[in-house]
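Remarks on the overall topology
Chain residues, written in single-letter form:
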Amino acid sequence: MLKVNYNKHYHFLLIHCKTYNDGIGVILSLQCIEALKIKFPNATISFLLHSSMQDCVKHNPYLKNIFCIDTASNIIKDLKKAKIDISISLFADKNSTLAIFRAGIKTRIGIFQNLHSLLFNYKIKQKRSALHKHEAQYNLDLLKFLGCNNTFYPKIYLNISEKQESQQHLENIFNVHALLDSGYIAICPSNGWQLGWMAKNFLHIANELALQYNILIFGMPQETQGYNAMLQNYSNLSEKNFITYTTHNTANNKKTSIYSLRNLLAIISHARLFIGNNTVLLHMASALDIPTLSLFPYKSPITPVRYAPFSKKNIHIIVTPFGIFEPHKQTMFDNDDIQGLRMENIMPELILNILRHKILTA
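Conventions and cut-offs
Throughout this document, residue positions are counted from 1 along each chain, in the order its sequence is written. Restriction of local features to residues with pLDDT of at least 70 applies here, the model being predicted, together with a cutoff of 80 or more for giving and counting side-chain atom pairs; totals for whole chains, interfaces and linings are based on all residues. Derived side-chain values reflect all non-hydrogen atoms in the structure, with water molecules and hydrogen atoms excluded from consideration. Runs of E in the DSSP output that reach at least two residues are strands. Runs of H or I that reach at least four are helices, and both are numbered from the N terminus. In this setup the radius of gyration rests on C-alpha atoms only. A globule is expected at 2.2 Å times the number of residues raised to 0.38. Only heavy atoms matter for contacts: two residues are in contact if any of them lie within 4.5 Å across the pair. Here the accessible surface of atoms and residues is derived via Shrake-Rupley with a 1.4 Å probe, and residues count as covered only by protein chains that are part of the display. When charges are counted, neither His nor the chain ends are considered; positive counts come from Lys and Arg and negative counts from Asp and Glu. The atoms used to mark charge sites are NZ of Lys, CZ of Arg, CG of Asp and CD of Glu. Put simply, buried Ala, Val, Leu, Ile, Met, Phe, Trp, Tyr and Cys residues joined by side-chain atoms within 4.5 Å make one nonpolar core. Working definition: with a 1.4 Å probe on protein chains only, accessible area under 20% of the residue-type maximum means buried, over 50% means exposed, and in between means partly exposed. Surface patches are drawn from residues lacking salt bridges whose relative accessible area is over 30%; two like charges belong together within 9 Å, two nonpolar side chains (Val, Leu, Ile, Met, Phe, Trp, Tyr) within 5 Å. Salt bridges are identified by distance alone: a Lys or Arg side-chain nitrogen within 4 Å of an Asp or Glu carboxyl oxygen. Between any two strands, pairing holds if DSSP finds at least two bridges. Any N or O atom pair separated by 3.5 Å or less is treated as a polar contact, with the protein-specific requirement of one donor-capable and one acceptor-capable atom, and with residues adjacent in sequence counted only for side-chain atom pairs. Inter-axis angles, ranging from 0 to 180 degrees, are taken between N-to-C directions of lines fitted to C-alpha atoms, where helices are fitted over the stretch in contact. Angles below 35 degrees are treated as roughly parallel, those above 145 as roughly antiparallel, those between 65 and 115 as roughly perpendicular, and all remaining angles as oblique. Crossing handedness is defined as follows: a turn of the near helix away from the far one that is anticlockwise and smaller than a right angle gives a left-handed crossing, while the clockwise case is right-handed.

**Some words on the overall build of the protein chain**
Broken down by element type, the protein chain carries 12 helices and 14 strands. The C-alpha atoms of the protein chain give 21 Å as radius of gyration, which agrees with the globular expectation for 362 residues (21 Å, within 12%). If one aligns the C-alpha atoms of the protein chain with their principal axes, the spans along those axes are about 60 × 50 × 35 Å. Considering only intrachain contacts with a sequence separation of at least 6, the fraction spanning at least 24 residues in the protein chain is 64%. Here the protein chain has roughly 17000 Å² of accessible surface; of this, 49% comes from carbon and sulfur atoms. Distance between charge centres in the protein chain, computed from 37 positive and 23 negative side chains, equals 12 Å.

The following block contains the structure:
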């Protein structure tokens, strides 16, 4: 444990950025912002990440600065100017590790797992592949070196205008003068890490639920094009049920039909339920305190043991090929057991029964 003064005006830099986008990893590190601020009330906290995920940390009341490693003209200069005292690398990628070293940050905390992590002067050993803990808890464990021992949960914050604008948009979609108290059901058929439940199953679920509930189906541009091409098989759905989004900041819902990530977050915040595979949208919904039903393969390292929605509220149901996942009754299966990959073993009728008897009637 590092000797620190909890009343001192430290400037902390949290880091989570890979050479490719890791949206789930970023969401499951958001709790570290609040954990630091509660323990160090006088501290300034900044975050270094890829620009595609910066919308997830905007308006966070505990966060001062957002640095984007892929769009900064000179990230080393920016970090030097910020006068950061302590950096915590939640993921030790090469680019950010070199940047904080060259920026002269004196206290650099990170996971000791590869050659460039030798540049950390406080190295912490973790073996996340052992699946002993949740990814969010592994991130919190890095803060224990600073005396932060309490558990916090990922949160995404929206301002009033975002909530109001998204509510108006939903009223227009569903042709009502006010958003129904029951909200709507959000469905994301994206395939997760290529091992998810198939899109046709989600559309089958959506088609059945559309008889009783307002439904919105989310996807990236290529995905929604594919869903629209399948509409002839689902008589209760139409193009109005689809929302197309992008993580690029060029999206503008006033000029195009493609929504920015920030627009999407505001729309999701009105949902009564989110249904999807293990994707970044699932974890965003959880961070917005939306109840979820998710589908997971039980295959290392993509098990719900490590990547289930991480929430204080018990509002998440996780279905695997082996049944409903119960965190306190964890059953580990052999990595060679091919059943863990057979998502097709989960029938749409089973999911509909779970929805009708465990969630929608609650």
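The rest of the description comes next.
**Topic: the nonpolar core**
Of all hydrophobic cores here, the largest spans 71 residues; its most connected members are F12, L14, L36, I88, L146 and F218. Apart from residues no more than four positions distant in its own chain, L146 is found in contact with M1, L2, V4, Y6, F12, L36, F40, I86, I88 and I109.

**Let's talk about a nonpolar patch on the surface**
Together, F112, L115 and L118 line one region of the surface with nonpolar side chains, adding up to about 320 Å² of accessible area. Positionally, L115 belongs in the loop between β5 (107–111) and β6 (122–124).

**Quick look at the pairing of strand β8 (residues 215–219)**
Most of β8 is tucked away, with 5 of its 5 residues classed as buried. Because side chains alternate across β8, one face comprises the buried residues I215, I217 and G219, and the other comprises L216 and F218, equally buried. Inspection of the sheet shows strand β7 (residues 184–188) paired to β8 by 3 bridges, in the parallel sense. Its bridge partner lying in β8, I187 is registered against I217. Bridging between β8 and strand β9 (residues 242–245) involves 3 bridges; their strand directions are parallel. Considered in β9, the bridge of G219 is made with T244.

**What to know about the side chain of S46**
Counting through the fold element by element, S46 comes out in strand β2 (residues 44–49). Note on S46: relative accessible area 0%, which makes it buried. A polar contact of 2.7 Å, which involves the side chain of S46, links it to the side chain of H11. What S46 contacts, discounting residues up to four positions off in sequence, is H11, F12, L13, L14, L63, N65 and F67.

**Focus on the sheet that holds strand β14 (residues 323–324)**
The strand order across the open sheet formed by 8 strands is β10-β9-β8-β7-β11-β12-β13-β14, and the pairing between neighbours is mixed. Unpaired on one side and paired on the other, β10 (258–259) and β14 mark the two borders of the sheet.

**A look at the side chain of H116**
For H116, the position within the fold is in the loop between β5 and β6. Reaching out from H116, the side chain makes a polar contact with the side chain of N114 at a distance of 3.2 Å. In this structure, H116 is in contact with A92, D93, K94 and T97, ignoring residues within four places of it in sequence.

**Remarks on the packing of helix α9 (residues 261–268) against helix α10 (residues 280–287)**
Running from amino to carboxyl end, α9 crosses α10 at an angle of 55°, the nearest separation of the two axes being 10 Å. Relative to α10, the element α9 lies oblique. Seen from above, α9 lies across α10 with right-handed handedness. Mapping the contact onto sequence places L261, L264, L265 and I268 in α9 and L281, M284 and A285 in α10.

**A short note on the sheet that holds strand β3 (residues 65–68)**
An order of β3-β2-β1-β4-β5-β6 is seen for the 6 strands of this open sheet, with the pairing classed as parallel. With partners counted over all chains shown, the strands left at the sheet margins are β3 and β6, one partner each. Mean inter-strand twist for the sheet, computed between neighbouring axes without regard to direction, equals 15°. Pairing geometry for β2 and β3, over 4 bridges, is parallel. Bridge pairing links L48 to F67 in β3. Contacts between helix α3 (residues 75–82) and the sheet are confined to β1 (11–15), β2 and β3, with β3 contributing the most and set at about 160° to the helix. Its contacts with the sheet put helix α4 (residues 94–102) on β1, β2, β4 (86–89) and β5, and the angle it makes with β1 is roughly 160°.

**As for the pattern of salt bridges**
In this structure the tally under the stated criterion is 8 salt bridges. Where E34 meets K155, a salt bridge forms, and the shortest distance between an N and an O atom there is 3.7 Å. Of this pair, E34 sits in helix α2 (residues 31–39) while K155 sits in the loop between α5 (135–143) and α6 (160–174), and the two are 121 residues apart along the sequence. Here K155 falls in the partly exposed class, since its relative accessible area comes to 36%. Across the pair E135 and R306 runs a salt bridge whose closest N-O atoms are separated by 2.7 Å. In this pair, E135 is assigned in helix α5 and R306 in helix α11 (residues 304–307), connecting sequence segments 171 residues apart. R306 carries the same exposure label as E135, and that label is buried.

**Considering unusual backbone geometry**
For residues other than glycine, phi is negative in most cases, and the peptide bonds are mostly trans. Phi at H59 is positive, roughly 65°, even though this residue is not glycine. Secondary-structure assignment places H59 in the loop between β2 and β3. Unlike most non-glycine residues, K83 shows phi in positive territory, near 55°. With respect to the helices and strands, K83 occurs in the loop between α3 and β4.

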